Amino acid sequence: MRASQNLKNTVAATLCDEIVEHYASHASLAENAYLKERMGVVSEKKDLFLASIKSAKPKTTRESEDKSRAFYFQNLYASLKGYSSLLIESKKEAAAYFLEIINRHGGKKVTSLPYDEETSTLLSIEKEFSSEEAKAKFKEVEGCEELAEKLFAANHAMKSLSIKNEKSTAEQKAELSSTNLKKEVLTYLNEQIFSYLAWAKNSEGGDLAIFANEAEIAVNKANASISKRQKKSASAQTAKVQDTQKSENAAD
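None of the values given here were measured: they were computed from a predicted structure. (Residues numbered from 1 in each chain as written. Predicted model: local features only at pLDDT ≥ 70, side-chain atom pairs only at ≥ 80, totals over all residues. Heavy atoms only, no water.)

**Considering the overall build of the protein**
Now for step 1: Broken down by element type, the protein carries 9 helices and 0 strands.
Now for step 2: For the protein, restricting intrachain contacts to residue pairs at least 6 apart in sequence, the fraction spanning at least 24 positions comes to 80%.
Now for step 3: Looking at the protein as shown, the accessible area adds up to about 14,500 Å², and 52% of this sits on carbon and sulfur atoms. (Helix = DSSP H or I, 4+ residues; strand = E, 2+ residues; numbered from the N terminus. Contact = heavy atoms within 4.5 Å. Areas by Shrake-Rupley, 256 points an atom, 1.4 Å probe, with all protein chains shown as cover.)

**A short note on the nonpolar core**
Now for step 1: Grouped together as the largest cluster of nonpolar side chains are 32 residues, with contacts concentrated most on Leu15, Ile19, Leu35, Phe194 and Leu197.
Now for step 2: Among the secondary structure elements, those contributing two or more residues to this core are helix 1 (9-24), helix 2 (33-55), helix 8 (169-203) and helix 9 (206-251).
Now for step 3: Among the elements that make up this core, the one with the highest residue count is helix 8 (10 residues).
Now for step 4: When sequence neighbours within four positions are dropped, the list of residues in contact with Leu35 reads Tyr23, Leu29, Gly40, Ile193, Tyr196, Leu208 and Phe211. (Core = buried A, V, L, I, M, F, W, Y, C linked by side-chain atoms within 4.5 Å. Buried < 20%, exposed > 50% of the residue type's maximum accessible area, 1.4 Å probe, protein only.)

**Side note on helix 4 (residues 89-104)**
Now for step 1: Between its first and last C-alpha, helix 4 extends 22 Å over 16 residues, near the 22 Å set by a 1.5 Å rise per residue.
Now for step 2: Among the residues making up helix 4, those that are buried are Ala94, Ala95, Tyr97, Phe98, Leu99, Ile101 and Ile102.
Now for step 3: Tucked inside the fold, the buried residues of helix 4 contact helix 3 (63-84), helix 5 (115-129) and helix 6 (132-138).
Now for step 4: Phi for Gly106, located one or two positions after helix 4, is positive at around 120°. (Expected span 1.5 Å × (residues − 1).)

**Some points on the packing of aromatic side chains**
Now for step 1: Throughout the structure, instances matching the rule amount to 10 aromatic pairs.
Now for step 2: An angle of 25° between the planes, with centres 4.3 Å apart, marks the rings of Phe98 and Phe138 as stacked. In this pair, Phe98 is assigned in helix 4 and Phe138 in helix 6, connecting sequence segments 40 residues apart.
Now for step 3: Centroid distance Phe129 to Phe152: 5.8 Å. Interplanar angle 80°. Geometry classified as edge-to-face. (Phe/Tyr/Trp six-rings, centres within 6.5 Å; stacked < 30°, edge-to-face > 60°.)

**Structural notes on the side chain of Glu126**
Now for step 1: Locating Glu126 in the fold gives a position in helix 5.
Now for step 2: Despite its burial, Glu126 pairs with no opposite charge, the nearest such side chain being Lys159 at 8.2 Å.
Now for step 3: Beyond its immediate stretch of four places on either side in the chain, Glu126 contacts Phe152 and His156. (Lys, Arg positive; Asp, Glu negative; His and termini not counted. Salt bridge = Lys/Arg side-chain N within 4 Å of Asp/Glu carboxyl O.)

**Comments concerning the packing of helix 4 against helix 5**
Now for step 1: Relative orientation of the contacting elements helix 4 and helix 5 amounts to 155°, with a least axis distance of 10 Å. Between helix 4 and helix 5, the angle is such that the two are roughly antiparallel. Between helix 4 and helix 5 the crossing geometry is right-handed. On helix 5, the residues touching Tyr97, Phe98, Ile101, Ile102 and Arg104 of helix 4 are Ile125, Glu128 and Phe129.
Now for step 2: When the residues that make up the contact of helix 4 with helix 5 are grouped by side-chain class, the tally is 6 nonpolar, no polar and 2 charged. (Axes fitted to C-alpha atoms, helices over the stretch in contact; angles between N-to-C directions. Parallel < 35°, antiparallel > 145°, perpendicular 65-115°, else oblique. Left-handed = near helix turned anticlockwise from the far one by under 90°. Nonpolar A, V, L, I, M, F, W, Y, C, P; charged D, E, K, R; others polar.)

**Focus: the environment of Gly107**
Now for step 1: When you line up the elements, Gly107 lands in the loop between helix 4 and helix 5.
Now for step 2: Taking the C-alpha atoms as reference points, Gly107 and Tyr77, 30 residues apart in sequence, are found 8.7 Å from one another.
Now for step 3: Residues contacting Gly107, with those up to four places away along its chain left out, are Phe73 and Ile102.

**Some details on the confidence of the model for the protein**
Now for step 1: Looking at the protein, pLDDT values average 85 and 81% of them are 70 or higher.
Now for step 2: When mean pLDDT is taken per element in the protein, helix 4 scores highest with 96 and helix 9 scores lowest with 72. (pLDDT = per-residue confidence, 0-100.)

Right, dumping it as structure tokens:
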């Protein structure tokens, strides 16, 4: 019976709460001098840990903004490819002009770049799309200028969100404090409580054995969250790659 140090802060906090609650639900355990002293320490460490979590601000996700700019990029690229296949020379030439700029910056793979690198790349494309020559070319590819404007607006929104997500010194300290306190409370639980309960589960009866069983269930549930999180992350990454491939195929 041992809690992993890789638990998310929120999962570790829930585990601490459950252990304290299970202990308190068995009045007879107050007579166990060993547990009474150490569970008092656990309660103190738990309260400090929970307070540190509340003081750390959650990071805003950038996933929705990233999907938005990817949508406009893929539509713009597909529209330009369509114009490039027309027999009307002026439209074909204008589309080729914009596609050359995009392809020079990575082409369809732009949306597969890491967040910040994609932001920087799109800012470079926007700069070239803002020239007087580009403005004249847009007149030949109807609808593309509007798509480009929406793409660049989404990219600026992403850039602003990235800036907001840069942690201040205070936020960094709060997060570091939470992580350190998590390590401290889990280490104490593992060494002082769970090792004792693992022995008690097989050697003792009554409320102590029941508490040991409850603690083991809580620990196993918390530890299981790690593999679930890893599978979810892997699935999300696979889905992103598949979406990118589908979009690229559609653009072709």
